[in-house]
Amino acid sequence: MASRDLIARQLEFLKGEFKFTFNDLKDKQISVIASIVNKVDCMAIFPTGFGKSACNILPPLMMKNMHKRHFYGIVVSSLRSLMNDQVCQFASMGISAVICGPDISAEERKGG
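None of the values given here were measured: they were computed from a predicted structure. (Residues numbered from 1 in each chain as written. Predicted model: local features only at pLDDT ≥ 70, side-chain atom pairs only at ≥ 80, totals over all residues. Heavy atoms only, no water.)

Novice: I would appreciate a short explanation of the side chain of glutamine 10 in the present structure.
Specialist: Inspection of the secondary structure puts glutamine 10 in helix 1 (residues 4-18). In contact with glutamine 10, not counting residues within four places along its chain, are Met62, Asn65 and Met66. (Helix = DSSP H or I, 4+ residues; strand = E, 2+ residues; numbered from the N terminus. Contact = heavy atoms within 4.5 Å.)

Right, here's the structure in full:
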């Protein structure tokens, strides 16, 4: 099981590797990330500006680093521009990501 300490160590490693601009995670973010890393289903509903992106991006990176294999992130959002941004951010970090939906073009599917 990934502990808060392990999450903190992984965050420090990833901050150096990917030049993240945030310093610390909030307790609720750590709880969500720990749940995902420990393969426990969870759902997080946070207000705008709380740091949901960290909860989407960090777990697959941490799991890839800890287990030396590829993991995927799933982000559900009603905002197409947010989905595009997230897919581009995942791709820049070597994480496979696509956008799914009935009216999404092939270019948008890949974050274009």
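Next, the rest of the story.
Novice: Which parts of the structure should I look at to understand the packing of aromatic side chains?
Specialist: The geometry of an aromatic ring pair comes down to the distance between the two centres and the angle between the two planes. Applying the stated criterion across every chain, the model contains 1 aromatic pair. When the centroid spacing of 4.3 Å and the interplanar angle of 35° are considered together, the rings of phenylalanine 46 and phenylalanine 50 count as tilted. Both residues of the pair, phenylalanine 46 and phenylalanine 50, belong to the buried class. One cation-aromatic arrangement involves lysine 26 over phenylalanine 50; the distance from NZ or CZ to the ring centre is 4.8 Å. (Phe/Tyr/Trp six-rings, centres within 6.5 Å; stacked < 30°, edge-to-face > 60°. Buried < 20%, exposed > 50% of the residue type's maximum accessible area, 1.4 Å probe, protein only. Lys NZ or Arg CZ within 6 Å of the ring centre and 35° of its normal.)

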